[in-house]
Amino acid sequence: SLEAQTSEAGGVTVIVRPENLGADGIWSFEVTLDTHSVELAYDMRLAAVILDAIGNEYEPLAWRGDPPGGHHRSGILEFSALSPRPASVRLLIRGIEGGEERKFEWPLTS
């Protein structure tokens, strides 16, 4: 199993843990957002993408979790599995407080 990664900026902590990166067609990531200063009013289906080895972006199929709003949110982002399987998976989350992209990357074994 792959470790969770954390990004802290703009008063918002984002924690992402790959939940399933198997060959079954769906990749899923557990995402937690936490803050005490801003409203977490982000549409996670618009904020997140995964990238393939040459930088093509793929949007999520679904966000299964808390709706926009509040100070604490969590859920599962689901994507179509990339094929061919890349050497690593890169997840970007954009538009969260702090202005910069939140970047997460994990090596994949073949």
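Use the structure listed above.
On a predicted model such as this, the values are computed, not experimentally measured, just so you know.

Colleague: Just checking my understanding: could you explain the side chain of Asp52 for this structure?
Modeller: Take Asp52: it is sitting in the loop between strand E4 (48-51) and strand E5 (57-58). One buried charge, Asp52, has no salt-bridge partner; the nearest side chain with opposite charge is Arg90, at 5.4 Å. Within polar-contact distance, the side chain of Asp52 engages the backbone nitrogen of Asn56 at 2.8 Å. Beyond its immediate sequence surroundings of up to four residues, Asp52 is in contact with Tyr58, Leu82 and Arg90.

Colleague: Even after reading the chapter, I still don't get the sheet that holds strand E7 (residues 72-80), so can you show me in this structure?
Modeller: Strand-to-strand pairing in sheets goes through backbone hydrogen bonds, with the strands running parallel or antiparallel. Taken in spatial order, the 5 strands make up an open sheet running E1-E2-E3-E7-E6, and their pairing is antiparallel. This sheet does not close on itself; its edge strands, each paired only once, are strand E1 (5-9) and strand E6 (62-65). If you compare each strand with its neighbour and ignore which way they point, the axes differ by 25 degrees on average. Relative to strand E2 (residues 12-20), E1 is paired through 5 bridges, and the arrangement is antiparallel. The partner of Gln5 across the bridge, within E2, is Val16.

Colleague: Which parts of the structure should I look at to understand the sheet that holds strand E9 (residues 102-107)?
Modeller: Pairing is antiparallel across the open sheet formed by 4 strands, whose spatial order is E5-E4-E8-E9. In the strand order of this sheet, the two ends are held by E5 and E9, each with one partner. Bridge count between E4 and strand E8 (residues 88-93): 4 bridges; the pairing is antiparallel. Within E8, the residue paired with Ile50 across the bridge is Leu91.

Colleague: It is not clear to me how the pattern of salt bridges should be interpreted in this structure. Could you clarify?
Modeller: With the rule as written, the count across this model stands at 4 salt bridges. With its nearest N and O atoms 2.8 Å apart, the salt bridge here joins Glu30 to Arg17. Residue Glu30 is found in strand E3 (residues 26-35), and its partner Arg17 is found in strand E2; the two are separated by 13 residues along the sequence. Looking at Glu30, the relative accessible area reads 30%, which means it is partly exposed.

Colleague: Help me understand the side chain of Thr35, please; the structure alone is not making it clear to me.
Modeller: Relative to the assigned elements, Thr35 resides in strand E3. Looking at Thr35, its side chain comes within polar contact range of the main-chain oxygen of Gly11, at 2.7 Å. Engagement of the side chain of Thr35 in a polar contact is seen with the backbone nitrogen of Ser37, the distance being 3.0 Å. Beyond its immediate chain neighbours, meaning those up to four positions away, Thr35 contacts Gly11, Val12, Leu40, His71 and His72.

Colleague: Help me out: how do you make sense of unusual backbone geometry in this one?
Modeller: Note: most residues except glycine have negative phi, and most peptide bonds are trans. Cis rather than trans, the peptide bond between Ser83 and Pro84 has omega equal to 5 degrees. Here Pro84 lies in the loop between E7 and E8.

Colleague: Is there a simple way to explain the environment of Asn20 in this structure?
Modeller: Counting through the fold element by element, Asn20 comes out in strand E2. The exposure class assigned to Asn20 is partly exposed, which follows from its relative accessible area of 26%. The spatial distance from the C-alpha of Asn20 to the C-alpha of Glu39 is 29 Å, given a sequence separation of 19 residues. When residues no more than four places from it in sequence are discounted, the contact partners of Asn20 are Ile26, Trp27 and Ser28. Within the local environment of Asn20, its side chain forms a polar contact with the backbone nitrogen of Gly22, the two atoms lying 3.0 Å apart.

Criteria and cut-off values
- Residues numbered from 1 in each chain as written.
- Predicted model: local features only at pLDDT ≥ 70, side-chain atom pairs only at ≥ 80, totals over all residues.
- Heavy atoms only, no water.
- Helix = DSSP H or I, 4+ residues; strand = E, 2+ residues; numbered from the N terminus.
- Buried < 20%, exposed > 50% of the residue type's maximum accessible area, 1.4 Å probe, protein only.
- Lys, Arg positive; Asp, Glu negative; His and termini not counted.
- Salt bridge = Lys/Arg side-chain N within 4 Å of Asp/Glu carboxyl O.
- Polar contact = N/O pair within 3.5 Å; in protein donor to acceptor, adjacent residues only side chain to side chain.
- Contact = heavy atoms within 4.5 Å.
- Pairing = 2+ DSSP bridges.
- Axes fitted to C-alpha atoms, helices over the stretch in contact; angles between N-to-C directions.

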